[in-house]
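Each chain, written out:
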Amino acid sequence: MMPRRIASRTLIYLILILASAFFLLPIYLMLLTGVKPFAEVDLKTMWNLPSSLHIENFIAAWAQLAPNLKNSLILVIPESILSSLLGSLNGYLLSKWRFKNSNLIFTLILFGMFIPYQSILIPLVKFMDFIQLYGGLPGLVFVHIIYGIPITTLIFRNYYAGISTEMLEAGRIDGASLTGLYRFLILPLSAPSFAVVIIWQFTQAWNDFLFAVILTNQAYWPVTVALNNLAGSQLVQWNVLMAATLLAALPTLLVYLLLGRFFVRGLMAGSLKG
Amino acid sequence: MFKNFTFKPRILITAIVLLVVGVAGLYYFTHSKLMIGSFDVTSLGILVAGLVMYSAIPVAMTMIGNETYLSIVLMLPSIAAVAIFVYGFIAWSVRVSFSNWKGLIPNYTFVGFKQYIILFSNDPRFMIDLRNTAVFTVGFILGCLIIGLGLAILLDQKIKGENLFRGIFLLPMSISFIASGVVWSWLMSSATGSRITGINLIFKSLGLNGLISLWHTTPQPWGMAFTIIPAVWQLAGYTMAMYLGGMRSISDDLREAARVDGASEFEIYRYVILPLLQPITLSAVIILGHMSLKIFDLIVALGRGDIRLDVPGIYMWTTTFSGNNYAQGAAIGILMLVGVAVLVIPYLVQNMRTETQV
Amino acid sequence: MLVASLLLAACGTPTAAPTTPPAETTQPPAETTQAPTEAPTTVQTGGEVEIFSWWVGPGEADGLAAMVKVFNADYPQYTFVNAAVAGGAGSNAKAVLATRLQAGNPPDSWQAHAGQETIANYVAAGQVQPLDDFFASTGFASVLPATLIPLISANGHPYSVPVNIHRSNVMWYNPSVVQAAGVTIPAGGFTTWDDFFAACEKIKATGKVCLSMGNEGFTAMHLFENVMIGTIGADKWNGLWLPTPTTDWAGADVTAGLANYAKALSYVNSDAATLSDWQPASKMVADGDAAFNIMGDWAYGYFANPDPNGLALTPHTQFDWSPVPGTQGIFVFLSDSFVKPIGNKNPEGTMAWLTVAASKAGQEAFNPLKGSICARTDCDKSLFSEYSQGAMADWLSNTVVGSLTHGVVAAPAWQTTIDTALKLFIASDLGTKAQSDFQAALVAACKSDGTCQ
């Protein structure tokens, strides 16, 4: 038994390491390009090490991104928290309180996910202007939350679908109300799905360019607009662009690592049907 | 609805306080500015005040025993928002797609299905788009599901450094498409001879000459299939996180029970865990599907205008904002939605039926 | 939350578009000799001036900053707001602008290519105002080349203020690659595309790529316009775009141009589609992997500028240039210009910005950094690079024709239809059948624009 177990453990680690190599290869290339001088950025020699480390690319990239960093944080933090709470509430109501036509409502909400945002920009801007939320960050937070409703509702609903109804019934017999069950039974069980949803919403809002550039004034542009400006000018400094991309990815990465603790196994014995 | 009414003074007071605070907040923020440092957060204040005011309703409703009404009240803001921001705007788009709006002046003259007929009768580009979307969607969803599930199972084996591996697999998701498309176009360079580079150069130096590929410049439809690689690279980690989240909510007792019954690890996954993960798979398919049908940034950055890799999202964007042909752009957008409806809704309905039977 | 916003709408107090308070000054505007004389109904002596452009990169952003410096010195009462969004992938800048215009929220001025991009778009939609008074009071027309004025005018009224001129028809080459293949480029460039193809055969024999090209974002159309003009000449090129075309889109001239285009594409690097932009294609020339590259004169800065912004190559020895084959004495141009919107927040600020953009000081500050030449003809030559000085001389002596790729000759809708046809052609086998299909698509594009009957 033991040698077989060692062999299978080795195999698992081997596969994980190989997979990591695949996931890291493009990041490595970004890092490599990010420390090269401009003249050495070349397709043919992309794998060559730089003649000298050009950390100033990162400084130049930071100078480009820094003014917009605060805007991004103000956008993303309330957005991801509110959005996941709303999604959790919706998911709970739609999976455990199946009122009349709740499946139809769920389907209609879900369909909103597929709307191609590029095709509704004009009515969106007009409507946001009408409700006086055009131009600033709150409006952008608002729009991200709304367009996040389908996806957050979906993830939570399908996650809660796995929680046994018997447990809720038991709670009800003990006299817990709709809100009570949510607070004391559902919410404590939701940690992994909160991690999954916050990862999604945080990344979407952080990396969103389209809504940001269309819905906010220049003073409130988040980092993606600066990043896009690095990538889309007539002459592109690939080295600075790569440095900026890595810098812009850091907060998201930090969130992924912080949320890692929510991926704990077996939260509550017998919580899932089976 | 009032037969279950029970008067609870504490709840009534809470509701009244919420109402008053909300109304006062709304009044205050609409009449004077709220500044935090140099930031004008007035509209944020209005949002919060409105939310506080609205919350008075569900709080008051807890006094009425009818929890169906309560759940509807709690859902109502989401439903209203989706009604306007999704269906209201789709209605606008439908109207434009039946019009003749070309140029910067809105022109809602009704011309029936003209824009749709143009797309289907005499538009080779749209046909390329349809084929590419099909190839991309199938490959992307399957790729992410298989790799994501595989990685999740591996990480579920009480691995040392799980946090690190999870971070690595999620890492690509944090990279914006703008830059990852560029890097992948370098990696998948099809240059030959002395200019050979990218992954092909790695293959060559490893002596794996047989693996050297033209990548996304391979004759179609296989070229399109290669664009799946960067997309899977970016989203497989997220699929893994979804599966892992699901697996972690399955209690250890269940696995133990199966083990006691003599099931092997493989059998536990096959017969215990995977069936329980079915709703997660549904979420993943829908999330990946919505990305692939709308895919835009990645192909823009990777294909850089190569029409062989064109997708409806790019065509719609070009038609609308470069060509100012708003009517036809809207028609492409609506067709994308109809395509989704045709593909997704039967699947959803089927899934819900089986769910309610369980 | 929605309820909250609806309530807000009901309250109707504007709160969500925050602006910093206008920088009030007691001094009247610093009047220059070129100050606007139009009498506005409401005189606003300050505030923010939001200028929308796609100048975000090295060189162009520096040029814009230099021009803003002139603006701040001349008009200290205004605050310049730089709403620059990259044009690049997906033409973001134009989408942002189009959305803002649709929503009735225009910036105080925006960048538009001089020519049909301005006339067929913004003028036709009634989103910009004529600048007759401005041109009259500043005498701007007298310092502009005569060829340029009709291109920025509709029904005899000028509508935009051109700031710079770029040249599209430049052939960059690597002297040592060309020499090693035994090719000599006649002074003034190849006179026909056949001469160029003969040279390509020699270069191919040395194992190098003859003509480098980037992806199909715009470089393919850029090559297309250059091959076409080099084949059919300036007059027939202009004839394609007249309100009633005098050059037949279905005729033999266009057929010959397309045949040359197909042949030119056959000498292009096989990985063109995977190159991320025009830069890697120019880099192939710099590295000696390719002999020629056809690209606008913004490539000069990339070749010659020192490190963070360029490759620091020496002109004439490490890289060189000549007109595109068949385009001697022709200057294919594009020009960036600024317009006067209708319904923007700060109309006085608009006039202040246009005054600076039209001024000698403004253009002399902007263009040397951008790598373009002044739209004005009276700029100080000594401020410019060797290449630009040559371009300034050519601009005055050559036959000037407009670029298709960069918005001069065709309305955006027409250009987009041509672009689709062009991309479908490149995706084909380039054979005679594909060429005639392409020509048929070009004829159809002209018809759908309404120009051809």
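From a predicted model like this one, the values you see are computed outputs, not experimental measurements.

Caption draft 1: Quick look at the overall build of chain C. Broken down by element type, chain C carries 16 helices and 15 strands. The contacts of chain C with a sequence gap of at least 6 include a subset with a gap of at least 24, amounting to 76%. Here chain C has roughly 15300 Å² of accessible surface; of this, 56% comes from carbon and sulfur atoms.

Caption draft 2: Broad picture of the overall build of chain A. A tally of helices and strands in chain A yields 11 helices and zero strands. Taken from the N to the C terminus, the helices and strands of chain A come in the order α-α-α-α-α-α-α-α-α-α-α. By principal-axis analysis of the C-alpha atoms, chain A measures approximately 70 × 70 × 25 Å. Expressed as a percentage of its 274 residues, the buried residues of chain A come to 65%. Sequence separation of at least 24 residues holds for 74% of the intrachain contacts in chain A that already meet a minimum separation of 6. Averaging the locations of the 16 positively and 9 negatively charged side chains of chain A gives two centres separated by 12 Å.

Caption draft 3: Highlighting the sheet that holds strand 15 (residues 399-402) of chain C. Residues and elements named next belong to chain C. The strand order across the open sheet formed by four strands is 14-7-12-15, and the pairing between neighbours is mixed. Only two strands of the sheet have a single partner each, and these edge strands are strand 14 (373-374) and strand 15. By the bridge criterion, two bridges tie strand 7 (residues 164-167) to strand 14 in an arrangement that is antiparallel. Bridge pairing in strand 14 places I165 opposite I373. Contacts between helix 8 (residues 219-241) and the sheet are confined to strand 12 (330-334) and strand 15, with strand 15 contributing the most and set at about 110° to the helix.

Caption draft 4: Representation of the nonpolar core. Counting 237 residues, the largest nonpolar core has L124, M128 and Y147 of chain A together with F85, F140, F169 and Y238 of chain B as its most contacted members. Setting aside chain neighbours within four positions, we find Y147 of chain A in contact with I115, Y117, I120, L124 and F211 of chain A together with F85, V86 and F89 of chain B. Residues L64, L313, W353 and V409 of chain C belong to the second largest nonpolar core, which totals 126 residues.

Caption draft 5: Representation of the interface of chain A and chain B within the structure. Taken residue by residue, the interface counts 106 residues in chain A and 106 residues in chain B. Both sides of the chain A and chain B interface together cover about 10100 Å² of buried area, and 77% of this is carbon and sulfur. Viewed at the interface, chain B and chain A are joined by 16 residue pairs in polar contact (both at pLDDT 80 or more). Of all the secondary structure elements, the ones that give two or more residues to the side of chain A that touches chain B are helix 1 (2-34), helix 2 (56-96), helix 3 (102-111), helix 4 (121-130), helix 5 (137-160), helix 8 (191-207), helix 10 (223-231) and helix 11 (238-259) of chain A. Per-element accounting of the side of chain A that touches chain B gives the leading share, 17 residues, to helix 1 of chain A. When grouped by side-chain class, the residues that make up the side of chain A that touches chain B number 78 nonpolar, 20 polar and eight charged.

Caption draft 6: Seen up close, the pattern of salt bridges. Residues and elements named next belong to chain B. Inspection of every chain in the model, using the stated rule, returns 20 salt bridges over all chains. Of the charged contacts, one joins R308 and D306 as a salt bridge, the two residues approaching to 2.9 Å between their closest N and O atoms. The structure contains a network of salt bridges with shared partners spanning D156, E162, R166, R248 and R255.

Caption draft 7: Structural context of the domain arrangement of chain C. Residues and elements named next belong to chain C. Each assigned domain of chain C is listed with its residue range as follows: domain 1 (44-166 + 334-399) and domain 2 (170-332 + 409-449). The gap between the C-alpha centroids of domain 1 and domain 2 is 28 Å. Tallying the contact residues gives 19 residues for domain 1 and 18 residues for domain 2. Of the roughly 1500 Å² buried between domain 1 and domain 2 on both sides combined, carbon and sulfur atoms contribute 62%. Of all residues in domain 1, the largest losses of buried area upon contact with domain 2 belong to H166, Y387 and T399, amounting jointly to 41% of the total for that side.

Caption draft 8: Highlighting helix 9 (residues 252-266) of chain C. For helix 9 of chain C, which comprises 15 residues, the first-to-last C-alpha distance of 21 Å matches the rise-based estimate of 21 Å (1.5 Å per residue) to within 8%. Among all positions of helix 9 of chain C, only V254, G257, L258, N260, Y261, A262, A264 and L265 of chain C are buried.

Caption draft 9: Region of interest: the pairing of strand 1 (residues 47-53) of chain C. Residues and elements named next belong to chain C. Counted residue by residue, strand 1 has six buried out of seven residues, so it is predominantly covered. Taking the sense of rotation as the criterion, the β-α-β connection linking strand 1, helix 2 (residues 60-74) and strand 2 (residues 78-84) turns out right-handed. The pairing of strand 1 with strand 3 (residues 109-113) spans two bridges and is classified as parallel. Note on strand 3: the bridge partner recorded for I51 is S109.

Caption draft 10: A look at the packing of helix 7 (residues 177-187) of chain B against helix 10 (residues 228-248) of chain B. All names here are of chain B. At a minimum axis separation of 10 Å, helix 7 and helix 10 run at an interaxial angle of 135°. With respect to each other, helix 7 and helix 10 are oriented oblique. Handedness of the helix 7/helix 10 crossing: right-handed. For the pair formed by helix 7 and helix 10, the contact residues are F177, S180 and W184 on the first element and I229, P230, W233 and Q234 on the second.

Caption draft 11: Quick look at the sheet that holds strand 11 (residues 320-323) of chain C. Residues and elements named next belong to chain C. Sheet architecture is open: four strands sit in the order 9-10-8-11, paired in mixed fashion. Across the chains shown, the open sheet's two edge strands, defined by having one partner strand only, are strand 9 (209-212) and strand 11. In this sheet, adjacent strand axes meet at a mean angle of 25° when their direction is disregarded. Pairing of strand 9 with strand 10 (residues 290-294) involves three bridges; the strand directions are parallel. From the neighbouring strand, L211 faces strand 10, where its bridge partner is F292. Contacts from helix 10 (residues 278-286) reach strand 8 (170-173), strand 9 and strand 10 within the one sheet, and its direction differs from that of strand 10 by about 140°.

Caption draft 12: How the structure looks around the interface of chain C and chain A. Taken together, the contact between chain C and chain A spans 51 residues of the former and 38 residues of the latter. A combined buried area of about 3700 Å² lies between chain C and chain A, and 61% of that area is made up of carbon and sulfur atoms. For the interface between chain C and chain A, the tally reads two salt bridges. Residue D289 of chain C is joined to K44 of chain A by a salt bridge in which the shortest nitrogen-to-oxygen separation is 2.9 Å. At the surface where chain C touches chain A, the tally comes to nine residue pairs in polar contact (both at pLDDT 80 or more). With six residues, helix 3 (residues 92-102) of chain C is the largest single contributor of residues to the side of chain C that touches chain A. Taken together, the residues of the side of chain C that touches chain A sort by class into 26 nonpolar, 17 polar and eight charged.

Caption draft 13: Main features of the confidence of the model for chain C. Within chain C, residue pLDDT values average 87, and 89% of them lie at 70 or more. The low-confidence segment residues 1-44 of chain C (pLDDT under 50) makes 91 contacts with residues lying over four places distant or belonging to another chain.

Caption draft 14: The state of the cysteines, seen in detail. Residue and element names in this part refer to chain C. Considering all chains together, one arrives at three disulfides over all chains under this definition. A disulfide bridge connects C374 with C379, and the sulfur atoms are separated by 2.1 Å. Its torsion about the S-S bond being -95°, the disulfide of C374 and C379 is classed as left-handed. C379 matches C374 in its accessibility class, with the two residues each being buried. The residue that forms a disulfide with C446 is C452, at a sulfur-sulfur distance of 1.8 Å. Torsion about the S-S bond of the C446 and C452 cystine: about 80°, corresponding to right-handed handedness. Given a relative accessible area of 15%, C452 falls into the buried group.

Caption draft 15: Main features of the packing of aromatic side chains. Overall, the coordinates contain 81 aromatic pairs over all chains when judged by the stated rule. When the ring of Y117 of chain A is compared with that of F211 of chain A, the centres are 5.0 Å apart and the planes differ by 50°; the resulting orientation is tilted. With Y117 of chain A in the loop between helix 3 and helix 4 and F211 of chain A in helix 9 (residues 210-215), the pair connects residues that are 94 residues apart, well separated along the chain. Taken together, the aromatic side chains of F38 of chain A together with W172, W278, Y300, Y302, F303, F319, W321 and Y387 of chain C make up a single cluster linked through ring pairs. Taking the ring centre of F262 of chain A as reference, the NZ or CZ of R261 of chain A above it sits at 5.8 Å. Stacked on the ring of Y117 of chain A, the Lys or Arg K294 of chain B has its end atom at 3.9 Å from the ring centre.

The rules behind each value
- Residues numbered from 1 in each chain as written.
- Chains lettered and ligands numbered in written order.
- Predicted model: local features only at pLDDT ≥ 70, side-chain atom pairs only at ≥ 80, totals over all residues.
- Heavy atoms only, no water.
- Helix = DSSP H or I, 4+ residues; strand = E, 2+ residues; numbered from the N terminus.
- Contact = heavy atoms within 4.5 Å.
- Areas by Shrake-Rupley, 256 points an atom, 1.4 Å probe, with all protein chains shown as cover.
- Buried < 20%, exposed > 50% of the residue type's maximum accessible area, 1.4 Å probe, protein only.
- Lys, Arg positive; Asp, Glu negative; His and termini not counted.
- Charge placed at Lys NZ, Arg CZ, Asp CG, Glu CD.
- Pairing = 2+ DSSP bridges.
- Axes fitted to C-alpha atoms, helices over the stretch in contact; angles between N-to-C directions.
- Core = buried A, V, L, I, M, F, W, Y, C linked by side-chain atoms within 4.5 Å.
- Buried area = accessible area lost by both parts, 1.4 Å probe.
- Polar contact = N/O pair within 3.5 Å; in protein donor to acceptor, adjacent residues only side chain to side chain.
- Nonpolar A, V, L, I, M, F, W, Y, C, P; charged D, E, K, R; others polar.
- Salt bridge = Lys/Arg side-chain N within 4 Å of Asp/Glu carboxyl O.
- Domains from an automatic or database assignment.
- Expected span 1.5 Å × (residues − 1).
- Right-handed = clockwise from strand over helix to strand, strands pointing away.
- Parallel < 35°, antiparallel > 145°, perpendicular 65-115°, else oblique.
- Left-handed = near helix turned anticlockwise from the far one by under 90°.
- pLDDT = per-residue confidence, 0-100.
- Disulfide = S-S within 2.5 Å.
- Phe/Tyr/Trp six-rings, centres within 6.5 Å; stacked < 30°, edge-to-face > 60°.
- Lys NZ or Arg CZ within 6 Å of the ring centre and 35° of its normal.

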